[in-house]
Structure formats: C-alpha cells, structure tokens
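# Geometric and topological summary
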Amino acid sequence: MLIDNVPVQRDIPHEPGQWIEIRRLSWLMLDEAKKRQAATQREDMKALGAEFVAAIMRGNQDEEARVRRRLREQEWDVSQFDMMTLLRKGLAGWSYQTDVNADSIGQLDPITAEWAAGEILSLSRPISADERKNVSAPSTGS
C-alpha cells in the first residue's frame, strides 16, 4: 500500500495550545534516517552484537533472550534514527509563527524535537503480526 500524505495533528504535551502536523514516512525515508544514524552508532552496535555472539557461544539461553529483547526494543527507538531526517520529512506544519523548514526545525528545543521525531516514528513504524491480530480481532461486545 502506498502511504498517504495526509497530515495528522498532534498537540505538544509540554506546550499547551501548541501543535504539530506530521505525516507517515515511507520505508525509504525511514531507511535513510536509520542509515544516517547508524553511521554514528557503529561502535555501540558492534558491542551489542559481540555481546549477543558471546551469549550464543556460552549457550546461555536466558542471556541470549535478554540481548534479543534489547535489540528488538532498540529497533524502533527514536535514538536509532537521524532526528533531523525524521523531522525534515515528517513535519508538515505547526502552530508556531514560522514556516517549517530546515532552519526552523533546527531552532526547536531538544525536548520538542525528540518528542516530534518520536511521534513521526510511531505513526510510521510497521504494525507487528501480534498488533495486526489485536486490531483485526472481532469485537465480542457485551
């Protein structure tokens, strides 16, 4: 399915009366943001990968499962993506008195920038098989 370009409005929780409009990102946009961030995080991933391999070599299934969980949790964490790429491609509008562009995005405070990037990522991330089951499960009603 093609992504739509219809923006979704979100109230900024720490700025009463302010809002942003975000749009869903395509897999290619997400891939670009992930690759840009990966270039700066290679050493962290190498360490985690080495920890995973060591757990497998020791045959410690609990430790292996713990590292797998950490890897899965990190996969869709905003820290795994280049924030400027997410914001540039995902911000469609806002209630501030300036246009959305690279310069104005760069003027966001860190809390708002990270929150907005997280909202864009949350809107854009694929739904897991378990989540699809829960969404499409028929309601039993009472």
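## Things to note about the packing of aromatic side chains
To describe a pair of aromatic rings, you give the distance between the ring centres and the angle between the ring planes. Counting across every chain of the model gives one aromatic pair. Aromatic side chains Trp94 and Tyr96 sit 5.2 Å apart centroid to centroid with 65° between the ring planes, which places their arrangement in the edge-to-face category. Judged by its relative accessible area of 7%, Trp94 falls in the buried class. Looking at Tyr96, the relative accessible area reads 22%, which means it is partly exposed.

## Regarding the pattern of salt bridges
Where charged atoms of side chains with opposite charge meet at close range, the side chains can pair. Applying the stated criterion to the full structure yields four salt bridges. Of the charged contacts in the structure, one is a salt bridge between Lys35 and Asp31, with a shortest N-O distance of 3.0 Å. With Lys35 and Asp31 both in helix 1 (residues 27-58) and four residues apart, the pair spans about one turn of that helix. Notably, a salt bridge pairs Glu32 with Arg36, separated by 3.1 Å at the nearest N-O pair. One end of the pair is Glu32 and the other is Arg36, both in helix 1 and four residues apart, which spans about a single turn. Glu32 gets classed as partly exposed once you look at its relative accessible area, which sits at 24%.

## Quick word on helix 5 (residues 110-124)
With 15 residues, helix 5 extends 21 Å from end C-alpha to end C-alpha; this agrees with the ideal 21 Å at 1.5 Å per step. Listed as buried for helix 5 are Thr112, Ala113, Trp115, Ala116, Ala117, Ile120, Leu121, Leu123 and Ser124. The opening residue of helix 5 is Asp109, an N-cap whose side-chain oxygen sits 3.1 Å from the backbone nitrogen of Ile111.

## Quick look at the sheet that holds strand 2 (residues 19-22)
If you walk across this open sheet you meet the three strands as 1-2-3, and the pairing is antiparallel. Strands with a single pairing partner mark the edges of an open sheet, and in this sheet they are strand 1 (8-11) and strand 3 (91-94). Neighbouring strand axes in the sheet, compared pairwise and without regard to direction, differ in orientation by 25° on average. In this sheet, strand 2 lies alongside strand 1 in antiparallel orientation, the contact comprising four bridges.

## Some details on the packing of helix 3 (residues 83-90) against helix 5
At their nearest, the axes of helix 3 and helix 5 sit 9 Å apart, and the two run at 65° to each other. Considered as vectors, helix 3 and helix 5 are oriented roughly perpendicular to each other. Considering how the two elements wind past one another, helix 3 and helix 5 form a crossing that is left-handed. On helix 5, the residues that touch Met83, Leu86, Leu87 and Gly90 of helix 3 are Ala113, Glu114, Ala116, Ala117 and Ile120. By residue class, the composition of the contact of helix 3 with helix 5 is seven nonpolar, one polar and one charged.

The rules behind the values
- Residues numbered from 1 in each chain as written.
- Predicted model: local features only at pLDDT ≥ 70, side-chain atom pairs only at ≥ 80, totals over all residues.
- Heavy atoms only, no water.
- Phe/Tyr/Trp six-rings, centres within 6.5 Å; stacked < 30°, edge-to-face > 60°.
- Buried < 20%, exposed > 50% of the residue type's maximum accessible area, 1.4 Å probe, protein only.
- Salt bridge = Lys/Arg side-chain N within 4 Å of Asp/Glu carboxyl O.
- Helix = DSSP H or I, 4+ residues; strand = E, 2+ residues; numbered from the N terminus.
- Expected span 1.5 Å × (residues − 1).
- Polar contact = N/O pair within 3.5 Å; in protein donor to acceptor, adjacent residues only side chain to side chain.
- Pairing = 2+ DSSP bridges.
- Axes fitted to C-alpha atoms, helices over the stretch in contact; angles between N-to-C directions.
- Parallel < 35°, antiparallel > 145°, perpendicular 65-115°, else oblique.
- Left-handed = near helix turned anticlockwise from the far one by under 90°.
- Contact = heavy atoms within 4.5 Å.
- Nonpolar A, V, L, I, M, F, W, Y, C, P; charged D, E, K, R; others polar.

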